[in-house]
Amino acid sequence: MPENVTVSDVRHVLVLPDRDAAEEAAEALGERFGIDEEPRLVRDALAGEDDAEDAQWLVVLRDEAGRLDPAELDAFAGEWDGWREEP
């Protein structure tokens, strides 16, 4: 009987100021970090804000292998005036 393999559901969330920054960062992630899976872009409206201009954009990427360095991702997001959200 095969042993159960522990699967990690590690996700990193980069918070960016606008859609353009999120799209640029998502594209650059593959080039810089060699990720295979396309990051997911999510619009995150600020509480109480209806205006699309006030929305932040999240770049969500999975890292089951745990090979991405959180500090490097934080610095990477900072290039677009963003940050890495702590889980």
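Procedures and definitions
- Residues numbered from 1 in each chain as written.
- Predicted model: local features only at pLDDT ≥ 70, side-chain atom pairs only at ≥ 80, totals over all residues.
- Heavy atoms only, no water.
- pLDDT = per-residue confidence, 0-100.
- Helix = DSSP H or I, 4+ residues; strand = E, 2+ residues; numbered from the N terminus.
- Axes fitted to C-alpha atoms, helices over the stretch in contact; angles between N-to-C directions.
- Parallel < 35°, antiparallel > 145°, perpendicular 65-115°, else oblique.
- Left-handed = near helix turned anticlockwise from the far one by under 90°.
- Contact = heavy atoms within 4.5 Å.
- Expected span 1.5 Å × (residues − 1).
- Buried < 20%, exposed > 50% of the residue type's maximum accessible area, 1.4 Å probe, protein only.
- Polar contact = N/O pair within 3.5 Å; in protein donor to acceptor, adjacent residues only side chain to side chain.
- Core = buried A, V, L, I, M, F, W, Y, C linked by side-chain atoms within 4.5 Å.

Novice: An account of the confidence of the model for the protein is requested, with residue identities and associated values reported.
Specialist: Detailed reading of the predicted model is not advised wherever pLDDT is low. Per-residue confidence for the protein gives a mean pLDDT of 85, with 78% of residues at or over 70. Confidence scores differ between elements of the protein, with strand β2 (residues 40-45) showing the lowest mean pLDDT of 90 and helix α2 (residues 70-78) the highest of 97.

Novice: I'd like a rundown of the packing of helix α1 (residues 19-33) against α2, residues and numbers included.
Specialist: Between α1 and α2, the least distance of the axes is 11 Å, while the angle of their chain directions is 135 degrees. Of the possible angle classes, the one that applies to α1 and α2 is oblique. Relative to α2, the crossing made by α1 is right-handed. Across from Ala25, Ala28, Leu29, Arg32 and Phe33 in α1, the residues of α2 making contact are Glu72, Leu73 and Phe76.

Novice: Break down α1 for me, citing the residues and quoting the values.
Specialist: End to end, α1 covers 21 Å across 15 residues, agreeing with the expected 21 Å (1.5 Å per residue, within 8%). All of the buried residues in α1 are Ala21, Ala22, Ala25, Ala26, Ala28, Leu29 and Phe33. Buried residues in α1 make contact with β1 (11-16), β2, β3 (55-62) and α2. Its side-chain oxygen 3.2 Å from the backbone nitrogen of Asp20, Asp18 forms the N-cap of α1. Among the residues trailing α1, Gly34 stands out with phi positive, at a value near 65 degrees.

Novice: How would you summarise the nonpolar core if you had to cite specific residues and measurements?
Specialist: By size, the foremost hydrophobic cluster in this structure holds 18 residues, and its most contacted members are Leu14, Leu16, Leu29, Val59 and Phe76. Among the elements of the structure, β1, α1, β3 and α2 are those that each provide at least two residues to this core. Broken down by element, this core gets its largest block of residues, 7 residues, from α1. If sequence neighbours within four positions are ignored, Leu14 has contacts with Leu29, Trp57, Leu58, Val59, Leu61, Leu73, Phe76, Ala77, Trp83 and Arg84.

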